[in-house]
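Per-entry structural report
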Amino acid sequence: MRCETPAVPWLQVNLAVEGLVDLAVITRVLQSVSIHQNQIRRRTSSGGKSRILQKLHGYNQAAKFADWLILLDLDQDDECAPGYLRSVLPAPSTGMMLRIPVREIETWLLADQEKMANFLGINSANFPDNPESLNDPKGFLIDLVNRKCPQRYRQLRKDLLPVPESAKVVGPYYPDRIASFAEKHWRAEVAAERSDSLARCIRALEELKRQSVQ
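The residue numbers shown here count from 1 along each chain, following its written sequence. For a predicted model such as this one, the threshold for reporting local features is a pLDDT of at least 70, and the threshold for listing and counting side-chain atom pairs is 80 or more; totals across whole chains, interfaces and linings nevertheless cover every residue. Side-chain measures were taken over the full set of non-hydrogen atoms in the model, leaving aside hydrogen atoms and water.

**What about the sheet that holds strand 4 (residues 96–99)?**
Spatially, the four strands line up as an open sheet ordered 2-1-3-4, and their pairing is parallel. With one partner strand each, in any of the chains shown, strand 2 (40–44) and strand 4 form the two edges of the open sheet. Averaged over all pairs of adjacent strands, the angle between strand axes in this sheet comes to 15°, irrespective of strand direction. As paired strands, strand 1 (residues 13–16) and strand 2 are joined by four bridges and run parallel to one another. Its bridge partner lying in strand 2, Val13 is registered against Ile40. Contacts from helix 1 (residues 20–32) reach strand 1, strand 2 and strand 3 (68–71), with the element oriented near 130° to strand 3. The pairing criterion is simple: DSSP has to find at least two bridges between the two strands. In this description a helix means any DSSP run of H or I spanning at least four residues, a strand means any run of E spanning at least two, and both kinds are numbered starting from the N terminus. Axis geometry follows a simple rule: fit a line to the C-alpha atoms, using only the stretch in contact for helices, then measure angles between N-to-C directions, giving values from 0 to 180 degrees. Residue contacts follow a heavy-atom distance rule, with two residues in contact if any of their heavy atoms lie within 4.5 Å.

In C-alpha cells, the structure reads:
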C-alpha cells in the first residue's frame, strides 16, 4: 500500500467536477496525498459535463494564476483519455490539471473491490480486475445491484435502482448514497492499483506538491 505523502499546508487547489459523486471521490483522492478540506479554495460540482466544457476556457485562464483540478469523464467521447484531453484543452495553463476518469468516475469506485463488495453485500468476485475495460461503468454497477445485491438491502436497492418505467438510468438517491460510500469507505490508494487513470491523477497531485515546495 502506498505511503501517505507529507502535507504542504500552503498549497491551495480549486476544483471543478461534474457532480456530487465526483466531488466526494476527488476529495478522497486529495486526502490520500495529504491535501485536505481547508486547502480546497473553490468547489464547483453542478451542471454536469456540458457545463464544465462551456466554462473550461475560463477555468484555464484562471489556472494561469492558481492551481485548478478538473475531472471530466471520458464516456464515449474518445478511445483514450490523452486524445480526449488534447481535443478539449490543447493548451493547458501551468496551473491546470485536467484529469479524465476512464470511462466514468464509477470506474474509480469499482476499482476498490473489497469496499464496494461490502457496501453492496455481494462477493468481490463479481467485479472485473480491469474496471477501465468497461464501456459503461455506471450501467455495470446498476446491473450488479439489480442482479446481486441481496433483497435484505431493500433500502439501498430502492435508492440506487431506477424507478420502473422512468427515463432515468439511476435511482433517486443514487448520487447521495454513492457519494456517502466514497466519503466513508472508498480507498483511493487501493483503487489506484486497478485504475490507471486514477493512478495518473494521484501522481499528478504528488508532482504538484513536489513543485510547491521547490
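Once you've had a look at it, read on.
**Quick look at the nonpolar core**
Buried Ala, Val, Leu, Ile, Met, Phe, Trp, Tyr and Cys residues that are joined via side-chain atoms within 4.5 Å together make up what is termed a nonpolar core. Relative accessibility under 20% of the residue-type maximum defines a buried residue, over 50% an exposed one, and the middle range a partly exposed one, all with a 1.4 Å probe and only protein chains included. In terms of nonpolar packing, the biggest core is built from 56 residues, with Val29, Leu120, Trp186 and Leu205 touching the most fellow members. If you look at the next biggest cluster of nonpolar residues, it comprises 16 residues, including Ala63, Trp68, Leu89 and Met96.

**Observations concerning the pairing of strand 3**
Burial along strand 3 is two-sided: Trp68 and Ile70 and Leu69 and Leu71, pointing in opposite directions, are all buried. Sheet topology note: the strand 3/strand 4 ladder contains four bridges and is parallel. The residue bridging Trp68 from the neighbouring strand is Met96, located in strand 4. The handedness rule is simple: strands pointing away from the viewer, and a clockwise path from the first strand over the helix to the second, make the crossover right-handed. In the classification by handedness, the crossover that spans strand 3, the intervening helix 3 (residues 81–88) and the parallel strand 4 is right-handed.

**Quick word on helix 6 (residues 137–148)**
The span one expects for a helix is its residue count, reduced by one, times 1.5 Å. Taking 1.5 Å per residue, 12 residues should reach 16 Å; helix 6 reaches 16 Å between its end C-alpha atoms and fits that length. Taken together, the buried positions of helix 6 are occupied by Pro137, Phe140, Leu141, Ile142, Leu144 and Val145. Those residues of helix 6 hidden inside the fold are in contact with helix 4 (105–110), helix 5 (113–120), helix 7 (154–160) and helix 8 (174–184).

**Observations concerning unusual backbone geometry**
The linkage connecting Val102 with the following residue, Arg103, adopts the cis geometry, with an omega of -10°. Tracing the chain through its elements places Arg103 in the loop between strand 4 and helix 4. Within the chain, Ser34 stands out as a residue other than glycine whose phi angle is a positive 65°. As for its placement among the helices and strands, Ser34 is situated in the loop between helix 1 and strand 2. Positive phi is not limited to glycine here, since Asp75 has a value of about 50°. The topology assignment puts Asp75 in the loop between strand 3 and helix 3. You can call Asp75 partly exposed: its relative accessible area is 21%.

**Section: the environment of Arg203**
Structurally, Arg203 can be placed in helix 10 (residues 196–212). Remark: the alpha-carbon pair of Arg203 and Glu183, spanning 20 residues in sequence, is separated by 21 Å. Setting aside its immediate chain neighbours within four residues, Arg203 contacts Asp196 and Arg210.

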